[in-house]
Amino acid sequence: MTSEIKKKSYSLSTKLLHWLIAGHMIGLIVSGWWIVDLSFYSSWYYYAPSLHKSFGAVVFLIGLLLLLNKFRKRPPTLAGHTNLEKLASKFAHFLLFASVLTIPISGYIFTTFTGQNVSIFNTFNIPAVFVTSEKIRDLAIEFHIYASYGIAGVVFVHAGGALKHHFLDKDRTLRRMLW
Ligand code: HEM
Ligand code: HEM
């Protein structure tokens, strides 16, 4: 038996990073949707956007680490997926990787466009590097909104696919990301 066949699960670090990023992403989509409707008189009015930005920066960092793991560690092999399923999951993973990197960058661009730094958990600042035009800011905002709600749909299909493999096909697709 080759070592490739023996490898039944993702590495521990990939599993930890994956579930961390999944929780953060869901929290950020929900919190983003919530903060845009906050009243000026809400006690969360200043605090919630600041937390949203800080956790958004954390997602970017976890995304980089997960991507690094993808190149460093061989994924587990799994028989039984059709070619269409393999293609669909590759495409979904590509979109998920792209979103965890580009959505935070777009947030960074539109919040720093006047030269204002991003404070991370009130402990340190990410400096404003690209002081841009209002046109770029507007594009970044549009991207932030459409990409976030678009990726919510991809996450839904991605999670649904994993659950379908687990409960209907009864294969190791979900288990290899769990244990
Ligand atoms: C919410 C945001 C989520 C993001 C950003 C995300 C992202 C990703 C990425 C990038 C991969 C590919 C990992 C790699 O190839 O190294 C992946 C794989 C996987 N994810 Fe997620 N995921 C999310 C939520 C979920 C949820 C809710 C579930 C399950 C209910 C799930 C189950 C899985 C499974 C089982 C795999 C492995 C699939 C396979 O080996 O083909 N993910 N995810
Ligand atoms: C993957 C990470 C992120 C996700 C999924 C996300 C998602 C969202 C969503 C869904 C909204 C609501 C959009 C709307 O309905 O108008 C939003 C708003 C916002 N996001 Fe993010 N975000 C992320 C990261 C960031 C980062 C890193 C920053 C800043 C550095 C940021 C700054 C903001 C701000 C300031 C708003 C409010 C915009 C407004 O008032 O119109 N976000 N985000």
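Here we summarise the structure given alongside this text.

Criteria and thresholds
Residues numbered from 1 in each chain as written. Chains lettered and ligands numbered in written order. Predicted model: local features only at pLDDT ≥ 70, side-chain atom pairs only at ≥ 80, totals over all residues. Heavy atoms only, no water. Near = heavy atom within 4 Å. Polar contact = N/O pair within 3.5 Å; in protein donor to acceptor, adjacent residues only side chain to side chain. Helix = DSSP H or I, 4+ residues; strand = E, 2+ residues; numbered from the N terminus. Nonpolar A, V, L, I, M, F, W, Y, C, P; charged D, E, K, R; others polar. Salt bridge = Lys/Arg side-chain N within 4 Å of Asp/Glu carboxyl O. Buried < 20%, exposed > 50% of the residue type's maximum accessible area, 1.4 Å probe, protein only. Expected span 1.5 Å × (residues − 1). Contact = heavy atoms within 4.5 Å. Core = buried A, V, L, I, M, F, W, Y, C linked by side-chain atoms within 4.5 Å.

Examining the site of ligand 2
Next up, step 1: Neighbouring ligand 2 are 21 residues, the closest being Gly32, His52, His144, Ser148 and Tyr149.
Next up, step 2: Here a nitrogen atom of ligand 2 and a side-chain polar atom of His144 are 2.8 Å apart.
Next up, step 3: Measuring from an oxygen atom of ligand 2, one finds a side-chain N or O atom of Tyr149 at 2.7 Å.
Next up, step 4: With six residues, the top contributor of residues to the shell around ligand 2 is helix α4 (residues 83-111).
Next up, step 5: Of the residues belonging to the shell around ligand 2, the class tally is 13 nonpolar, seven polar and one charged.

Some points on the site of ligand 1
Next up, step 1: Lining the immediate environment of ligand 1, one finds 19 residues, of which Tyr10, His18, Lys70, His158 and Arg176 sit closest.
Next up, step 2: At 2.7 Å, a side-chain N or O of His158 approaches a nitrogen atom of ligand 1.
Next up, step 3: Considering each element in turn, the shell around ligand 1 owes the most residues, five residues, to helix α2 (residues 12-35).
Next up, step 4: In the shell around ligand 1, the residues fall into 13 nonpolar, four polar and two charged.

Focus on the pattern of salt bridges
Next up, step 1: In the structure shown here, the tally under the stated rule is three salt bridges.
Next up, step 2: Linking Lys164 and Glu85 is a salt bridge whose minimum nitrogen-to-oxygen distance equals 3.0 Å. Of this pair, Lys164 sits in helix α5 (residues 134-169) while Glu85 sits in helix α4, placing them 79 residues apart in sequence.
Next up, step 3: Between Asp169 and Lys164 there is a salt bridge; the shortest N-O distance is 2.8 Å.
Next up, step 4: Look at Asp169 and you get partly exposed, because its relative accessible area is 36%.
Next up, step 5: Among the residues examined, Lys164 registers a relative accessible area of 32% and is labelled partly exposed.
Next up, step 6: Counted as one network, the salt bridges with shared partners bring together Glu85, Lys164 and Asp169.

Focus: α5
Next up, step 1: Counted at 1.5 Å a residue, the expected span for α5 with its 36 residues is 52 Å, and the 50 Å between its end C-alpha atoms agrees.
Next up, step 2: Those residues of α5 hidden inside the fold are in contact with α2, α3 (47-72) and α4.
Next up, step 3: Just beyond α5, the residue with positive phi is Lys170, at close to 50 degrees.

Quick word on the nonpolar core
Next up, step 1: One finds Ile21, Met25, Val59, Leu66, Val100, Ile151 and Val154 to be the most contacted residues of the largest nonpolar core, which totals 16 residues.
Next up, step 2: The set of elements that each furnish at least two residues to this core consists of α2, α3, α4 and α5.
Next up, step 3: Counting residues per element, this core draws most heavily on α4, at six residues.
Next up, step 4: Not counting residues up to four positions away in its chain, the partners in contact with Val154 are Ala92, Leu95 and Leu96.
Next up, step 5: Residues Tyr108, Ile109, Val118 and Ala140 belong to the second largest nonpolar core, which totals five residues.

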